[in-house]
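Chain residues, written in single-letter form:
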Amino acid sequence: MKPKLLITGGLGFIFSHVTEYFVQKGWDVVVVDNESAGSHLEIIDGSFKYYKMDVCDRSVIDLVLKEAPEYVIHAAAMSDVDYSIREPLKTLIENINANANMFEACRDLPSLKKFIYVSTDEVYGECDHPKKETEILFPKNPYACSKAAGSLMRLTYGSTYPSMIETTAETRFCNVFGPRQDTRKIMPLIKHSLHTGEPIPLHNEGLGYREYIYVKNIPPAIDLILEKGNRTYNLTLNDGLTVHQLIEHAEKVTDKKINTYPSNRPGMDLKYQMDATRIKTELGWKPLYTFDEGLKEYLEMI
Ligand SMILES: NC(=O)c1ccc[n+]([C@@H]2O[C@H](COP(=O)([O-])OP(=O)(O)OC[C@H]3O[C@@H](n4cnc5c(N)ncnc54)[C@H](O)[C@@H]3O)[C@@H](O)[C@H]2O)c1
């Protein structure tokens, strides 16, 4: 029997790669996505079952029970920070509802072997050192707050409901980059500028510091956690750079010049930084691509 995996948000930037990875592995994959943002409809080719559905809708609980997957990944979220600052109420209602529905669906799922809730480094807020999974959450924008609400649900469901103690896990990725990313994000902007010479906006003088990971590192890490993880795992290689340094680095790798113009993003955290010791030591995680290998492949890709 093939293992069955249900992925919410499985058409989006990161999880379209995860959908394809498990299809190629021979798993029975079911995707639930509402095609609201960043969806890649071009991957729909009949190799997985697809439901166009909003995870905020409570009927998703019945759908999960009907499909009875052994594995569930909840990655669907409105993930645009700028939008969330303009529309906090919508963001909170949508993402928190979606999270609650998926935790509820998994609570009553007899077939369940593992449920992964996908979170983010943004739940830690401004970082003055590499944050460990045990540290306090201090989300500073509505998107991060809605993700942190899911992280708290994981703690609650994973300790209140015996059926979920061993079966829930959570990931907190740093900034993921690679093919299919939203073209308004920094890496696609850099790539576009390298191809066209168009200048890019430099928020807050390029001082924002982020850690970056290539998207092709994500599916095998998810596979590992489905197999043996039941805690929260930070996912980073500690390749941290300010945006200013990132631009300089891309110029060096490609030997081309990138022009910028000043811009401002209110409420922006200046630094996210995580400690990924847990996933390396407890699960033996090793990345497929270093930052430079991923960057080179991505920037050279047509
Ligand atoms: N991009 C990053 O660097 C990053 C970093 C850390 C964590 N994450 C998390 O990873 C996940 C995927 O991020 P992404 O960048 O690939 O986002 P994305 O916007 O590209 O993809 C999200 C997908 O979810 C779908 N979706 C959104 N709300 C939905 C809903 N209510 N019902 C059904 N489908 C819905 C969208 O249509 C889209 O296909 C998110 O949970 C995000 O918080 C992303």
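So, a few notes on the structure that sits alongside this text. (Residues numbered from 1 in each chain as written. Predicted model: local features only at pLDDT ≥ 70, side-chain atom pairs only at ≥ 80, totals over all residues.)

1. With respect to the sheet that holds strand β7 (residues 175-177)
The criterion, for reference: Pairing between two strands is assigned when DSSP locates at least 2 bridges connecting them. Helix and strand labels come from DSSP, where a helix needs a run of H or I of at least four residues and a strand needs a run of E of at least two; each type is numbered from the N terminus. Helix axes are fitted only over the stretch in contact, all axes being lines through C-alpha atoms; the angle between N-to-C directions runs from 0 to 180 degrees.
The mixed open sheet is built from three strands, whose spatial order is β7-β9-β11. Both outer strands of the open sheet, β7 and β11 (240-242), are each paired with one neighbouring strand and no more. Between one strand axis and the next, the sheet turns by 45 degrees as a mean value, whatever way the strands run. Where β7 lies against strand β9 (residues 209-214), three bridges are found, and the strand directions are parallel. Bridging across to β9, Phe177 finds its partner in Tyr214.

2. Brief notes about the sheet that holds strand β3 (residues 49-52)
Pairing in this open sheet of seven strands is parallel, and the strands run β3-β2-β1-β4-β5-β6-β10 from one edge to the other. The open sheet is flanked by β3 and β10 (232-235), the only strands paired with a single partner. Put simply, the sheet's adjacent strands are angled 15 degrees from each other on average, direction ignored. As paired elements, strand β4 (residues 71-74) and strand β5 (residues 114-120) share four bridges and run parallel to each other. Bridging from a neighbouring strand, Ile73 pairs with Ile116 of β5.

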